[in-house]
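Listed below are the residues making up each chain.
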Amino acid sequence: QVQLVESGGGLVQAGGSLRLSCVASGRFFSIHVMGWYRQAPGKQRELVAVITSTGSTNYVDSVKGRFTISRDSAKNTVLLQMNSLKPEDTAVYYCHSNVRTDMYRFDDYWGQGTQVTVSS
């Protein structure tokens, strides 16, 4: 089993910054992809940013230039630095990971979510 534990959410004023952290633990061979999704009230969960094991990144258009995703593979950690936050960034942010749990098996895991609230 794999656990993802997030931290770093909170309340911030528009224009401020927050950094989210997610640590993976448990039994697995390796982590392929780590990323962040978010879900605002009444909306579907959307991809925010992802990073692969080789360091390739992808962002939703609305956060490009403001958010930066990074990972420390040695610590099984993914970070999301969020700058110039806007009220529309308010959501529950979920850590996601695609993990190699066996020689020929990859599984998806989710964190419990962390609330990010941006006040205007």
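Shown above is the structure to which this text applies.
Please read all numbers here as calculations on a predicted model, not as lab measurements.

Visitor: How would you sum up the state of the cysteines? Please name residues and give values.
Guide: The tally for this structure, following the rule as stated, stands at one disulfide. Across the disulfide, cysteine 22 is cross-linked to cysteine 95 (sulfur-sulfur distance 2.1 Å). A torsion of -85° about the S-S bond marks the disulfide between cysteine 22 and cysteine 95 as left-handed. Of this pair, cysteine 22 sits in strand S3 (residues 18–26) while cysteine 95 sits in strand S9 (residues 91–102), and the two are 73 residues apart along the sequence. Under the relative-accessibility criterion, cysteine 22 is labelled buried at 0%. The exposure class of cysteine 95 is buried, given its relative accessible area of 0%.

Visitor: So what's going on with the packing of aromatic side chains? Which residues, and what values?
Guide: A full pass over the atoms with the stated rule returns one aromatic pair. Measuring from ring centre to ring centre gives 5.0 Å for tyrosine 37 and tryptophan 110, while their planes differ by 65°; the resulting arrangement is edge-to-face. Residue tyrosine 37 is located in strand S4 (residues 30–39), and its partner tryptophan 110 is located in strand S10 (residues 105–110); the two are separated by 73 residues in the primary sequence. A cation over a ring is seen here: arginine 45 above tyrosine 94, with NZ or CZ 3.8 Å from the ring centre. One cation-aromatic arrangement involves arginine 45 over tryptophan 110; the distance from NZ or CZ to the ring centre is 4.7 Å.

Thresholds, definitions, all that
- Residues numbered from 1 in each chain as written.
- Predicted model: local features only at pLDDT ≥ 70, side-chain atom pairs only at ≥ 80, totals over all residues.
- Heavy atoms only, no water.
- Disulfide = S-S within 2.5 Å.
- Helix = DSSP H or I, 4+ residues; strand = E, 2+ residues; numbered from the N terminus.
- Buried < 20%, exposed > 50% of the residue type's maximum accessible area, 1.4 Å probe, protein only.
- Phe/Tyr/Trp six-rings, centres within 6.5 Å; stacked < 30°, edge-to-face > 60°.
- Lys NZ or Arg CZ within 6 Å of the ring centre and 35° of its normal.

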